[in-house]
Amino acid sequence: MFLLSELYYTMKVKHLVGAFLCVLGCYACSSPKTEVQSPDGHIKMTLTVDENGKPFYNVSVDDSLLIENSAMGFTAANGIILGEGFQVKNTTFSSEDETWTQPWGENKKNRNHYNEMTVTLEQPETGRILNIRFRLFNDGLGFRYELPLQRKMNYLTVKDEVTEFNLTGNHKAFCIPGDYDTNEFAYTTAPLSDIAVDMEKRIAKKSYESKAEGGLTVQTPLMMKSEDGIYLNIHEAALVDYAGMLLNVDDKQFKLSAHLTPDKLGKKGYLQLPVLSPWRTVIVSDDARDILASQLIYNLNEPCQYEDTSWIRPMKFVGVWWEMFTGEGKTWAYSDFYQAKPGITDYAKLKPNGHHPANTAHVKEYIDFASAHGIDGILVEGWNEGWEDWASYRKDRQFLFNKAYPDFDVKELQRYAKEKGVQMVMHHETAANAADYERQLDEAFQFMVDNGYHAVKTGYVGYIIPRNEYHSSQWMNNHYIHVARRAADYKVMVNSHEAVRPTGLCRTYPNWLAQESARGGEFETMGGNDPDHTCILPFTRLKGGPMDYTPGIFETRLSYYNGEKPNERVHTTLVKQMALYMTMPSPIQMVADLPSNYARFPDVFRFIEDVAVDWDNSWYLEAEPGDYITVARKAKGKNEWFVGGITDENSRTATIPFSWLPEGKQYIATIYEDGKDADWDTNPQSYRIRKVVVTPKSVLKQKLAASGGVAISIKEADKAEMKGLKTIR
């Protein structure tokens, strides 16, 4: 199978090929096999209906079975069973090959090339119709359920989805446990037969919030590797008006099945026909780089819904944020009066607590830093009324989103930031009170526009209000989309935290720039992230969309601050923190450390100043889930290239070819590398900077320290700059 990261096209080609109708034997006791292949013929999906009218599918790669016969369908209240009693009524086939562009992303152009089969199933006894649509790409497949308008059904209250993914062996899995409210767990790497024990051990780093009911469950995206070297990733695409999917795991027979997130009444969805389920996705390759490069999940989402996207602009930003995590006692709250009530209490009469960094003078220092270093924006957390008692689940309003604390001068900071050429980034922590956030949403966005804010970081820490919902239940999934769509009406970009993990909807709503929805950088101050954590996330969480991981921490030991967290530390070298800007791609990247720490390392900070966040092309050069990733990217609209490489707890030598550079020229590569004695634990700040000349024929052998990295910036060379520099052959 070829490397998908090299599929880039210079012109749009779109054609619909061979649409035709195949009418199969409709009323036989069981139906003949129905097959569809990927465009390159490597992947084949077969649908059968057994003697009881149950539909099953299987998937093979190069004639080797990948997914054994697996059940399909779902059940609903009132005795509606849409998983048996079916006969194939008809089958249609079509193909498509198009190239589409995104306002931002890893590649300017993306190819959407698939063969499609839609099978119409009918229950003769009830007259009910269920369509199952399959799309096979060269790197995997997606399928979804479609219920058209019909006289025999209208409303459905979902009880269960019976979709199965029956595997062929005891694959190595990279997974986190099933939970309806959080994705912020440390990853388990183990054969499926061993994940139950290992996940429970990992709970020590982050406990359950709302553990999934029933037996053993894991979250998606689920990354796996078979014993014969096949990589597969199971997730979902286009999660709209539906519950988020976990996976039940039979760790003896290696069978997986859909586990929909219920609400707290136990209902897994309220649907009215016509219905389109999310796509169930399987990405597959014998090359791990293809998993990272795959655009399959984006391709299964609807195209951009906005005519004008010129206001959507990728950015880097600093923030009044990290200093609240370092253990120095700084806080989001203005006062210590826990009975303060937003909109009622006169905060100007309260005694300030003296450790509230979201104040006008301090924010101006961040604005000055951002302006001096060409950083686009500044986030300020803790600016608005409500933080004194924000986590309470026993009230119906935690925050106001248009009322600043007395020490935060909104108008003055707007003026000062504009004068310095810096954008203010809004923060809307909702304390998971989505109901009240929706009530305030228009007023909150208008306040942003009136005061020069065009991007917002939203947060959903805590248990959801409405109190019968979870973070991944149907109502909440619709809420996140509502926020993104309403934000677009005000030309506001959204970076959501603690939301359901993404499913590619940023293609449809590209102002939804990024999400957290996983264990991010802040957890380095709360038990830490294992050295392999960021070698797993691009294969799992990031398959659904960009993550606001918050890289760029240069002072990795919290003992430096002489605060309350002397034993906490970031589990990387300093150089790996820079490489994360490449290996954890996002159109909105935080420059997360304190300005004072960057001032101590101005030479390496240059890379963060220079690195892009939006790209024309990307090339994955090396990859193995949980072990290492090396990637090269070209900055959008510029003749500038960057390389980032990371490794897990094991030091290694990366092999970095430069064959992706344009032919006929020489280039200067500035290499930011781990020092010879660098180690994430014992000497994380050891680094070296060197310049070399490279050509498309060059191959660099680059040493990476334990949990270390390499970051390289590349530009076209002239003779004067090349003088005295070594050329990499």
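These numbers were taken from a predicted model, which means no experiment stands behind them. Within any chain, residue numbers begin from 1 and follow the written order of that chain's sequence. The predicted nature of this model means local features are confined to residues of pLDDT at least 70 and side-chain atom pairs, given and counted, to a pLDDT of 80 or more, with totals for whole chains, interfaces and linings taken over all residues. The side-chain quantities take in all heavy atoms of the structure and omit both hydrogens and water.

**Examining the overall build of the protein**
- The way it works is that DSSP assigns letters per residue, a run of H or I at least four long becomes a helix, a run of E at least two long becomes a strand, and they are numbered from the N terminus. Within the protein, the secondary structure is distributed over 12 helices and 39 strands.
- Computation of the radius of gyration draws on C-alpha atoms, with the globule rule given as 2.2 Å multiplied by the number of residues to the power 0.38. Taken against the 2.2 N^0.38 rule, which gives 27 Å for 729 residues, the C-alpha radius of gyration of the protein at 26 Å falls within 12% of a compact globule.
- Throughout, a contact is declared for two residues whenever any of their heavy atoms are within 4.5 Å. For the protein, the proportion of contacts with a sequence separation of at least 24, taken over those separated by at least 6, is 71%.
- The protein carries 80 positive and 97 negative side-chain charges, and their two centres are separated by 3 Å. Counted as positive: Lys and Arg. Counted as negative: Asp and Glu, with His and the chain ends omitted from the count. Lys charges are placed at NZ, Arg charges at CZ, Asp charges at CG and Glu charges at CD.

**Considering the sheet that holds strand β21 (residues 270-272)**
- Reading across from one edge, β7-β6-β12-β21 is the order of the four strands in this open sheet, with antiparallel pairing throughout. Each having just a single partner strand, β7 (81-82) and β21 make up the two edges of the open sheet. Only when DSSP finds a minimum of two bridges between them are two strands counted as paired.

**A short note on the side chain of H533**
- As for its placement among the helices and strands, H533 is situated in helix α8 (residues 533-536).
- Ignoring any residue separated from it by four or fewer positions in sequence, one finds H533 in contact with F185, Y187, R519 and Y549.

**Some remarks on the sheet that holds strand β38 (residues 709-716)**
- In space, the seven strands of this open sheet follow the order β31-β32-β33-β38-β35-β36-β39, with mixed pairing throughout. For this open sheet the edge positions go to β31 (615-624) and β39 (726-727), each flanked by a neighbour on one side alone.
- In the sheet, strand β35 (residues 667-674) pairs with β38 via seven bridges, with the strands oriented antiparallel. Residue pairing for β38: A669 is matched across the bridge by I714.
- Against the sheet, helix α9 (residues 574-583) makes contact with β31, β32 (628-635), β33 (640-647), β35, β36 (687-694) and β38, and its axis sits at roughly 120° relative to β33, the strand it touches most. Lines are fitted to the C-alpha atoms to define the axes, a helix being fitted only along its stretch in contact, and any angle between axes, read from their N-to-C directions, falls within 0 to 180 degrees.

**Some words on the nonpolar core**
- In plain words, nonpolar cores are sets of buried Ala, Val, Leu, Ile, Met, Phe, Trp, Tyr and Cys residues tied together by side-chain atoms within 4.5 Å. To sort residues, take the accessible area from a 1.4 Å probe on protein chains only and compare it with the maximum for the residue type: under 20% means buried, over 50% means exposed, and anything in between is partly exposed. Ranked by size, the top nonpolar core spans 202 residues in total, and within it M45, F134, L156, M424, F445 and M578 carry the most contacts.
- Not counting residues up to four positions away in its chain, the partners in contact with F134 are M45, L47, Y57, M72, N115, E116, M117, V119, G142 and F143.
- Within the second largest apolar cluster, 21 residues are counted, among which are W641, I671, L700 and I714.

**Details of the side chain of N138**
- Relative to the helices and strands, N138 resides in the loop between β10 (129-137) and β11 (140-147).
- N or O atoms closer than or at 3.5 Å make up a polar contact, with two conditions inside protein: a donor-capable atom paired with an acceptor-capable one, and, for residues adjacent in sequence, both atoms drawn from side chains. At a separation of 2.8 Å, a polar atom in the side chain of N138 contacts the main-chain amide nitrogen of D40.

**Section: empty space enclosed by the protein**
- Only protein atoms enter the 1 Å grid used here. Points where a 1.4 Å probe fits but cannot escape make up a cavity, open sets with protein on both sides within 12 Å along at least five of seven lines make up a pocket, and a residue lines them when an atom lies within 4 Å of a point. Grid points are joined across faces, edges and corners, and a volume is the space filled by probe spheres set on the points. Applying the stated criterion across every chain yields a total of 12 cavities of 30 Å³ or more.
- Considered as a void within the structure, the largest cavity measures approximately 310 Å³ in volume.
- Lining the largest cavity are 26 residues, with E106, Q295, Y298, P546 and P585 positioned closest to its centre.
- Counting only elements with at least two residues in the lining of the largest cavity, the list comes to α3 (296-299) and β31.
- When residues of the lining of the largest cavity are assigned to their parent elements, the largest contribution, three residues, is made by α3.

**So, helix α5 (residues 410-420)**
- Regarding α5, the residues found buried are V410, L413, Y416 and A417. On an axial view of α5, the arc spanned by its buried residues comes to 130°, and they lie on one face. What points out from α5, more than 90 degrees from its buried face, is the exposed set K418 and E419.
- Along its buried surface, α5 packs onto α4 (360-372), β26 (423-429) and α6 (434-450).
- A side-chain oxygen of the first residue of α5 lies 3.4 Å from the backbone nitrogen of K411; this N-cap is D409. Working definition: the arc comes from the directions between the helix axis and the C-beta atoms, pointing outward to the latter.

**Some thoughts on the packing of α4 against α5**
- Where α4 contacts α5, the axes come no closer than 10 Å and their chain directions differ by 15°. The orientation of α4 relative to α5 falls into the category roughly parallel. The two elements α4 and α5 cross, and the hand of that crossing is right-handed. Here T360, V363, K364, I367, D368 and S371 of α4 lie close against α5, whose contacting residues are E412, L413, Y416, A417 and K420.
- Any residue that is not Ala, Val, Leu, Ile, Met, Phe, Trp, Tyr, Cys, Pro, Asp, Glu, Lys or Arg is counted as polar, Gly included; the first ten are nonpolar and the last four charged. Looking at the contact of α4 with α5 residue by residue, the class counts come to five nonpolar, two polar and four charged. Should an angle fall under 35 degrees it is taken as roughly parallel, and over 145 as roughly antiparallel, whereas 65 to 115 is taken as roughly perpendicular and any remaining angle as oblique. Two helices crossing with the near one rotated counterclockwise from the far one by less than a right angle form a left-handed crossing, whereas a clockwise rotation gives a right-handed crossing.

**Re the pattern of salt bridges**
- Salt-bridge detection follows one rule: a side-chain nitrogen of Lys or Arg within 4 Å of a carboxyl oxygen of Asp or Glu. What the rule picks out here adds up to 39 salt bridges.
- One salt bridge in this structure joins K205 and D530, with 3.7 Å as the shortest N-O distance. With K205 in the loop between α1 (195-202) and β16 (217-219) and D530 in the loop between β29 (512-515) and α8, this pair connects stretches of sequence that are 325 residues apart.
- Two residues, K330 and E323, come together in a salt bridge whose shortest N-O distance is 3.0 Å.

**Here we look at the environment of K255**
- Of note, K255 is situated in strand β20 (residues 255-260).
- Relative accessible area serves as the criterion here: at 34%, K255 is assigned to the partly exposed category.
- Sequence separation between K255 and G386 is 131 residues, and the spatial gap between their C-alpha atoms is 47 Å.
- For K255, the contacting residues outside a window of four places in its chain are F165, N166, N248, V249 and D250.

**Some details on the packing of aromatic side chains**
- Ring pairs are drawn from Phe, Tyr and Trp, using the six-membered ring of Trp, whenever the two centres fall within 6.5 Å, and their geometry is named by plane angle: stacked under 30 degrees, edge-to-face over 60, tilted for the rest. As enumerated under the stated definition, the model contains 40 aromatic pairs in all.
- Aromatic side chains F554 and F601 sit 6.0 Å apart centroid to centroid with 80° between the ring planes, which places their arrangement in the edge-to-face category. Of the two residues, F554 is situated in the loop between α8 and α9 and F601 in the loop between α10 (595-600) and α11 (602-610); the sequence distance between them amounts to 47 residues.
- An aromatic cluster of three or more residues is present, and its members are W321, W322, F325, W332, W387, W390, F399, F401 and Y437.
- Over the ring of F185 we find K206; its NZ or CZ atom is 5.7 Å from the centre of that ring.
- The rule for a charge over a ring is simple: NZ of Lys or CZ of Arg within 6 Å of the ring centre, and within 35 degrees of the ring normal. In this arrangement the basic side chain of R467 is found over the ring face of Y393, its NZ or CZ atom lying 5.1 Å from the centre.

**Thoughts on the pairing of β32**
- The buried fraction of β32 is high, at seven of eight residues.
- Remark: three residues form the turn of the hairpin made by β31 and β32, two consecutive strands paired antiparallel; G626 in that turn has positive phi of roughly 80°.
- Relative to β33, β32 is paired through seven bridges, and the arrangement is antiparallel. Following the sheet pairing, A632 is matched in β33 by V643.

**Focus on helix α7 (residues 474-489)**
- By this rule, a helix spans an expected 1.5 Å times one less than how many residues it contains. With 16 residues, α7 should reach 22 Å at 1.5 Å per residue; the first-to-last C-alpha distance of 23 Å fits that figure.
- Of the residues making up α7, those classed as buried are Q474, M476, N477, H479, Y480, I481, V483, A484, A487 and A488.
- Elements in contact with the buried residues of α7: β21, α6, β28 (493-496) and β29.
- Looking one or two residues past α7, K491 carries a phi angle of roughly 55°, positive in sign.

**Some words on unusual backbone geometry**
- Of note, the amide linkage connecting T220 to P221 takes the cis form, showing an omega dihedral of 0°.
- Mapped onto the elements of the fold, P221 is located in the loop between β16 and β17 (222-225).
- In this structure, the amide linkage connecting L273 to the following residue, P274, adopts the cis form with an omega of 0°.
- Tracing the backbone through its elements, the reader meets P274 in the loop between β21 and β22 (275-276).
- If you check the backbone angles, N78 has positive phi at about 65° while not being a glycine.
- Following the sequence through the fold, N78 ends up in the loop between β6 (74-76) and β7.
- In this structure, D241 is a non-glycine residue whose phi angle is positive, near 55°.

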